[in-house]
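Okay, here's what each chain looks like letter by letter:
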Amino acid sequence: MDQRTASAALPPPSFRPDVEGLRAVAVLAVLGFHAAVPGFAGGFVGVDVFFVVSGYLITGLLLHEARTTGRVRLGEFFSRRARRLLPSAGLVLAAVAMAGAWLTVPLRRADLERDVLASALSAANWRFVAERTDYLAAGRDPSPLLHFWSLAVEEQFYLVWAPLVLLLALAARRLGATVRAGVAGAAVALAAGSFAVALHSPATAYLATTGRAWQFAAGALVAVALSEARASAPTAGLPRLVREALGWAGLAAIAWAVLRYDARTPYPGWAALVPTLGTASVLAAGSRNADGRYAGGRYAGGPHSAARLLARPLARALGRLSYNLYLWHWPVLVLVEARFGTLGWPAKAALTAAAVLPAAAALRWVERPLRRSPVVAELPRRGLSLGLTAVVVPVLLALLVGSGTLRVLGPTGPPDPAGLPPGARDGTALLAGPPPAGAPVVPRPAQARQDFPPDGGCEVPPEAVASPPCRFGASDDRIVLLGDSHAGQWFSALLGIAGQHHWALEELVKQGCPLPRLAVVNPQLGRAYRECDTWRAGVLDRLGQEPRPRLIVVASLNRYTADREQLLRGWQEVLAPLRELGAPVVYLQDTPVPGRDVPACLSGNLTSPAACAFPRAEALWPDPLAEAVAAGQVPGVRTVDVNAVLCPGAGRSCPAVRDGILLYRDDAHLTNTAAVVLTPRLDRLLTEAGLLAGGPGDGWTTLLHEEFDGPAGSRPSAERWQYDLGTCYPGCPADHWGTGELETMTDASANVRLDGRGSLEIGPTLVDGRWSSGRIESRRADLVAPPGGMLRIEASIALPDVSGPAAAGYWPAFWALGGELRDNGHTGWPGAGEVDVLESVGGRGVLGTLHCGTDPGGPCREPAGLGSAEQPCADCWGAFHTYTVEVDRSVSPEQVRWKLDGREYHRVSADAVDPAAWDRAVHHGVFLLLDVAVGGGLPAAAGVPAGAATEPGHPMRVASVSAATRP
C-alpha cells in the first residue's frame, strides 16, 4: 500500500475516557484556585492542562482528516467548533450582560459590558492584557469574564493552526511527503518561538496567545507521535509498565504544581513546563487495544494505571461538565461578591459547587441538543450561523446595557482644575468654605477614573529605566518630586506651590517603584523589578550632576514590605545621597490606601457616599520612616503629613468623599482634584517647616539668600560676604578671637573656596606647625525680626567629615553677632548679642546658644551662655543637615528657637532674661558668620583639644544660607 492507502485504512482516533477524566482534573484545579480553597494556590495550572488536551485532540482530528483526504475542510472544522463552544459561551455572556445591570454598580457595569463585547469577539485576553500591563488601571475589581481569556486564546490559536495544517497537507500531497512530518516540524517551531516569548515577555505571556501557543503545540506533538506509532505498528507501543509509570508521573506533576505553585511563582515560563509535560505524559501513556483503537467502556489499561483512575464514571461525568462549569463558576463568584462583599473560601466553595446547576442545565438543554442536531450539523453554514448568533446576541445586549450605563455616569473627562473651590490652608475642613448645597460630587465617579496628574507622561511606566527631562517652569530654582506613583499624585499641588514661588518643578517618578532600595516583583512585568533598581540609581546620579534644587520632596507607597528594619535600611541608602546634595529633604507621608475601587463604589452610592468609607486600620499603616524622623533617627529629613484632613478624627473609618470632593481615583491614589484642593494646606505645612521661607506669596521676605554657586576654587560673592583675617578684629580688641583659638584666618582658597558643585568649603590647613583656616561674615548687619514678626536664619551645612582623634580641636560654627559690634570697634560683647545657630567640636553633637548681658555672669550666665544640651547627630559630621534659628516676636513672651532639620531642640524665652539685655541682644540687627576654628576654649572644655593627632584638610561644607522675615 502507498502512504495514502495506509492512511485511509487507519481508523480515526477514537474516544478516550481518560482524557475526559483529565478534563475533570483540570477544572477541579481551576475551581479550587478561584474559590481560594487551601492547598489549591497553584490551581491556575488547570488551564495549562486544558490547553495541552485541546492541542492533542484537535490536532489529532485535523491530522487524521489531512492524512485521509489530503486536505482540511475549514468550514466544517469551524462549524463543529461553533456548535460545540459558542452557544454555551453566548448564553453565559448574555446572562452576565443582564445580571450586571442588577448586581453591579454603574461604573463597574460599564467595564463589564466592554468585557462582554471583547469576550464575544474572542478578544478578551488582549483586553485583559492591556489592563494587566496598565499600572494606572490596577486595583480594579476582577471582571466576571476574566476567565474568557483562555477561550479567546484557544480560538485565536486555531484560527491560525487549522489553516496551517491545511497548507501543510496540500504541500505534503504536492511533494509526496507525509503530513505528519510537516505538522511535527510546525509544532516544534511554534513551541520554541512561543516558549521564548513566555520567557522574555512575562508581563503579557500569561494571557497572550503568543505566550501560550507552545502548550497547544505540546499537545499537538503528542498527537503526531501517537499517530506515527499507530501508522507504523498499530499493535506496538510502550510496555504497559512504562505507560503506567508515565501516566502516574504526569498526574503527580500536575498535582505537585497545584500544591506548590502560588501567586509568587513566575508564570508562565519554566514553571509551566511541569503541568504541561505532566499532561503530555498522561496523554502519551493512554492505553491502546491491539487494533490500535483506544478502549471505550472497559479500559484496556493495567489495573493500576492512571488512565483507569481517570476513566472512572465520576471523573468522566465531571469532565463532560467541565466546559460549562468553567464558564459558569467564575461569574457566579464575582457577581455575588460584587453584590454582597468579599467572601471567605467556604462560601466561595459553596457558590462554586452551586454553579454545577446552571452548568448542567446548559449542557443538557443547550450544548448537547445543538451539537448533535442533524439539522444544524447537516451544512457547515448552519453551524457557523448558530455560532454567529451566539456572538451577536450578547454583543447587542452589552451595547444596550452599556449605552444606558454611560448616560447615567455622565462625562468621563477630568474636571477643570480652574473651576475647583479653594482648599483650606488649615483647620479640619478640606475646603476654605462649605460646598454649595446639593452640589454634585467632584469629580464624578467616571471622571475620577481619568483624573490623573497632568504631567504629560513624566510618570514613567514599569518597563522604563530612565525618566525623560521633565522640568515644568523656566526658573533655575526648582522643587524635585521624587518617588513612585504615590509621589506622582502630588504633581499638581507641588507645581502650584513651585509656581507661587516662581520656581520650577522637576518630576522624577516611576510607577510601582519603591524609592527606598528594596527588591520587589512588579506584577505588570511579572518578575523581579530590575528596571526599578536601574531607574533609582540613575535618578540619584542625575540629581548629583544637576544644580542643587531648593527642595526635594520624596514620597512612596508605604506597603512594599512589612519588615520595618529592611524598609529603614532601604530608605537610608537613598536618603544619604540626597542629603549630600545640600538641599532640604522632606518626606511626604503616604496617604490612606482604601483597598477598594472607590469610584466604582461611589457610582452606586451617589446619595450616600458614607457607604464607601473604608477601615482606618487597613488604610493607614504604621510609617516606620515618619516615626524614625520624629524620633530624630533620620537627621536631615523632615516630614509633612496631610492625613489628618484625609482621614479626620479617631473613628474606625476614613471617608471617600470630603466636602463634596471625591478623594480617590482608584483603590490607592488621590484624584488630581483632591491634590489641587490640598495645595494651600501643603504650602502652609512646607512653609511652617521652614522649607519654603523667603518665597513670594508665603508671607516671608527674603533678606539674604546664598547658594554658593560658582567655579571650583573661586571666592564667595564679594557683594554679600567679607573675610575676617588674622587672629583678631582690627585693633585686636580680643586676641585669638577671644577664645584662645590656634588658627590664623586667611582668604586663601586652601581655606575658603567654592567647590564648583554649589557649596562653600571652609577648612583648616597645617603648614610648618602653623594652623590656618577661614572665617567669613555677611556684609549685611541689619538682619532683625520686625516688631510682632519673626526672623528666620537657616543654613544647610555638612560639618567636616572627620572623627575620632583626628577631629580633636575642630570647632565649626554658624552664628550671628549684633551689628553694633561693627560700629563700636568690635567691642561690647556679649551685650550686643550673639546667637550661635550651630556649634560643634571634635566630631561630637551639635549645640545652640544665646549670649547676652555682661561677662562674667549676667542674665545669660556668661561666658557659657544660655545653651542647649548637646544634640546627638550620628552623621552631622559629613552629611548635610539644616540648622535654623527663629527669633519670634509674634508670641508673648518672645522666643528664640533652635531647630535641627525642622525639629526644635532648644528655646529661650524673653521672660528668662533681663528685659534690657533681651532688647539689646534680640531687637537689633545682626550679621552672620561661618568659620572653622582649631582649638580654643570650647574644644578644651569638651575634652577634645587640638593635638598631634588632629588632622588638617577636612572642610565644613555650606550648601546654602538664608535669612528671611515675616511680619
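Everything numeric in this text was worked out from a predicted model, so none of it was measured.

A. Representation of the overall build of the protein chain in the model. The number of helices and strands found in the protein chain is 32 helices and 31 strands. In terms of C-alpha radius of gyration, the protein chain reaches 38 Å, well past the compact-globule figure of 30 Å for 967 residues. In terms of overall dimensions, the protein chain has a C-alpha envelope of 125 × 70 × 45 Å along the principal axes. Going through the 967 residues of the protein chain one by one, you find that 56% of them count as buried. Residue pairs in contact within the protein chain that sit at least 24 positions apart in sequence constitute 76% of those at least 6 positions apart. Carbon together with sulfur atoms contributes 60% to the accessible area of the protein chain, which is approximately 37,800 Å² in total. If the 86 positive side-chain charges of the protein chain are averaged to one point and the 87 negative ones to another, these points end up 19 Å apart.

B. Quick look at the sheet that holds strand E16 (residues 744–745). Taken together, the three strands give an open sheet; going across it, the order is E16-E20-E19, and neighbouring strands pair in mixed fashion. Pairing within the sheet leaves two strands with one partner each, and these edge strands are E16 and strand E19 (765–767). As defined by bridge partners, E19 adjoins strand E20 (residues 770–773) across three bridges and the pair is classed as antiparallel. Counterpart to Thr765 in the pairing with E20 is Ser772.

C. Looking closely at the packing of aromatic side chains. Scanning all chains against the criterion turns up 22 aromatic pairs. The interplanar angle of 80° and the centroid separation of 5.6 Å between the aromatic rings of Trp256 and Tyr261 together place this pair among those described as edge-to-face. A residue is classified by how much of its surface remains accessible, and Tyr261, at 7% relative accessible area, is buried. Positioned over the ring face of Phe927 is Arg822, at 4.1 Å from the centre of the ring.

D. Representation of the UniProt feature "transmembrane region" (unreviewed entry) in the protein chain within the structure. What UniProt calls "transmembrane region" (unreviewed entry) maps, in this numbering, to residues 21–37, 43–64, 85–105, 156–172, 179–201, 349–366 and 386–406. Between the end C-alpha atoms of residues 156–172 the distance is 25 Å, and the span holds 100% helix and 0% strand. The straight-line gap between the two end C-alpha atoms of residues 349–366 is 25 Å; of that span, 94% is helix and 0% is strand.

E. The nonpolar core, seen in detail. Counting 94 residues, the largest nonpolar core has Leu22, Phe148 and Trp161 as the members making the most contacts within it. Setting aside its immediate chain neighbours within four residues, Trp161 contacts Thr59, Leu62, Val183, Ala186, Ala187, Leu190 and Ala220. In this structure, Trp721, Tyr723, Val885 and Ala910 belong to the second largest nonpolar core, which totals 56 residues.

F. Highlighting the confidence of the model for the protein chain. Of all residues in the protein chain, 94% attain a pLDDT of 70 or more, and the chain-wide mean is 89. Low pLDDT, under 50, characterises residues 1–10; the stretch is placed with ten contacts to residues that sit more than four places away or in other chains.

G. Fine view of the state of the cysteines. A complete count under the given rule lists seven disulfides for this structure. Here Cys458 connects covalently by a disulfide to Cys470, the sulfurs 1.9 Å from one another. Taking the torsion about the sulfur-sulfur bond, which here is approximately -90°, the covalent link between Cys458 and Cys470 counts as left-handed. Of the two residues, Cys458 is situated in the loop between helix H19 (445–448) and strand E1 (459–460) and Cys470 in the loop between E1 and strand E2 (471–472); the sequence distance between them amounts to twelve residues. The class for Cys458 is buried, based on a relative accessible area of 5%. Disulfide pairing places Cys647 opposite Cys654 at an S-S distance of 1.9 Å. Here the S-S torsion is close to -80°, and the disulfide linking Cys647 with Cys654 is therefore left-handed. Classification of Cys647 by relative accessible area gives buried; the value is 3%.

H. Region of the structure containing the sheet that holds strand E25 (residues 846–851). Read across the open sheet, the seven strands follow the order E15-E21-E30-E23-E24-E25-E26; overall the sheet is antiparallel. Each of the sheet's edge strands pairs with one partner strand only, and the pair in question is strand E15 (721–723) and strand E26 (866–867). Across two bridges, the pairing between E25 and E26 is antiparallel. Within E26, the residue paired with Thr849 across the bridge is Gly867.

I. Spatial organisation of helix H14 (residues 313–340). Considering bend angle alone, the principal kink of H14 is centred on Ser322 and spans about 55°. Where H14 terminates, the next one or two residues include Gly341, which has phi positive at roughly 95°.

J. Local environment of a nonpolar patch on the surface. Taken together, the side chains of Leu388, Val392, Leu396 and Leu399 present a nonpolar region at the surface, about 370 Å² in accessible area. Note on placement: Leu396 falls in helix H18 (residues 380–409).

K. Representation of the pairing of strand E3 (residues 478–483) in the model. With respect to burial, E3 is a largely interior element, six of its six residues being buried. Side chains of E3 alternate between two faces, with Arg478, Val480 and Leu482 and Ile479, Leu481 and Gly483 buried alike. With six bridges connecting them, E3 and strand E4 (residues 504–510) associate as parallel partners. Within E4, the residue paired with Leu481 across the bridge is Glu507.

L. Inspection of the packing of H14 against helix H15 (residues 345–354) at higher detail. Viewed as axis vectors pointing N to C, H14 and H15 meet at an angle of 135°, and their least axial separation amounts to 8 Å. It follows from the interaxial angle that H14 and H15 lie oblique. The handedness of the crossing between H14 and H15 comes out as right-handed. Side by side, H14 and H15 meet where Leu325, His329, Val332, Leu333, Val336 and Glu337 of the first sit next to Lys348, Leu351 and Thr352 of the second. Taken together, the residues of the contact of H14 with H15 sort by class into five nonpolar, two polar and two charged.

M. Geometry of the pattern of salt bridges. What the rule picks out here adds up to 48 salt bridges. The salt bridge partner of Arg316 is Glu20, with a shortest N-O separation of 3.1 Å. On the criterion of sequence distance, the pair formed by Arg316 in helix H14 and Glu20 in helix H2 (residues 17–34) is long-range, its members being 296 residues apart. The partner of Arg889 in a salt bridge is Glu894, and the shortest N-O contact between them spans 3.4 Å. You can call Arg889 buried: its relative accessible area is 15%. A relative accessible area of 17% places Glu894 in the buried class.

N. Local environment of helix H7 (residues 148–175). Between its first and last C-alpha, H7 extends 40 Å over 28 residues, near the 40 Å set by a 1.5 Å rise per residue. Directly after H7, the chain includes Gly176, whose backbone phi takes a positive value near 75°.

O. Region of interest: the environment of Leu357. Relative to the assigned elements, Leu357 resides in helix H16 (residues 356–372). The exposure class assigned to Leu357 is exposed, which follows from its relative accessible area of 64%. For the pair Leu357 and Pro435, spaced 78 residues apart in sequence, the C-alpha to C-alpha distance is 51 Å.

P. Structural context of the side chain of Gln489. Position of Gln489 among the secondary structure elements: in the loop between helix H20 (485–488) and helix H21 (491–500). For Gln489, a relative accessible area of 2% corresponds to the buried category. At 3.0 Å, the side chain of Gln489 forms a polar contact with the side chain of Thr591. Setting aside residues no more than four positions away along its own chain, Gln489 makes contact with Pro453, Thr591, Ala668, His669, Leu670 and Ala675.

Q. Local environment of the packing of helix H22 (residues 530–545) against helix H23 (residues 564–580). As a packed pair, H22 and H23 sit with axes 9 Å apart at the nearest point and diverge in direction by 15°. The orientation of H22 relative to H23 falls into the category roughly parallel. Crossing angle aside, the handedness with which H22 passes H23 is left-handed. The residues of H23 that touch H22, namely those facing Arg536, Leu540 and Leu543, are Val574, Pro577 and Leu578. Across the contact of H22 with H23, the residue classes tally to five nonpolar, no polar and one charged.

Reading guide: rules and limits
Residues numbered from 1 in each chain as written. Predicted model: local features only at pLDDT ≥ 70, side-chain atom pairs only at ≥ 80, totals over all residues. Heavy atoms only, no water. Helix = DSSP H or I, 4+ residues; strand = E, 2+ residues; numbered from the N terminus. Rg over C-alpha atoms; globule rule 2.2 N^0.38 Å. Buried < 20%, exposed > 50% of the residue type's maximum accessible area, 1.4 Å probe, protein only. Contact = heavy atoms within 4.5 Å. Areas by Shrake-Rupley, 256 points an atom, 1.4 Å probe, with all protein chains shown as cover. Lys, Arg positive; Asp, Glu negative; His and termini not counted. Charge placed at Lys NZ, Arg CZ, Asp CG, Glu CD. Pairing = 2+ DSSP bridges. Phe/Tyr/Trp six-rings, centres within 6.5 Å; stacked < 30°, edge-to-face > 60°. Lys NZ or Arg CZ within 6 Å of the ring centre and 35° of its normal. UniProt positions renumbered as here; feature names shortened; annotations may be inferred. Core = buried A, V, L, I, M, F, W, Y, C linked by side-chain atoms within 4.5 Å. pLDDT = per-residue confidence, 0-100. Disulfide = S-S within 2.5 Å. Bend = angle between axes of the 7 residues up to and from the residue. Patch = residues over 30% accessible without salt bridge, like charges linked within 9 Å, V, L, I, M, F, W, Y side chains within 5 Å. Salt bridge = Lys/Arg side-chain N within 4 Å of Asp/Glu carboxyl O. Axes fitted to C-alpha atoms, helices over the stretch in contact; angles between N-to-C directions. Parallel < 35°, antiparallel > 145°, perpendicular 65-115°, else oblique. Left-handed = near helix turned anticlockwise from the far one by under 90°. Nonpolar A, V, L, I, M, F, W, Y, C, P; charged D, E, K, R; others polar. Expected span 1.5 Å × (residues − 1). Polar contact = N/O pair within 3.5 Å; in protein donor to acceptor, adjacent residues only side chain to side chain.

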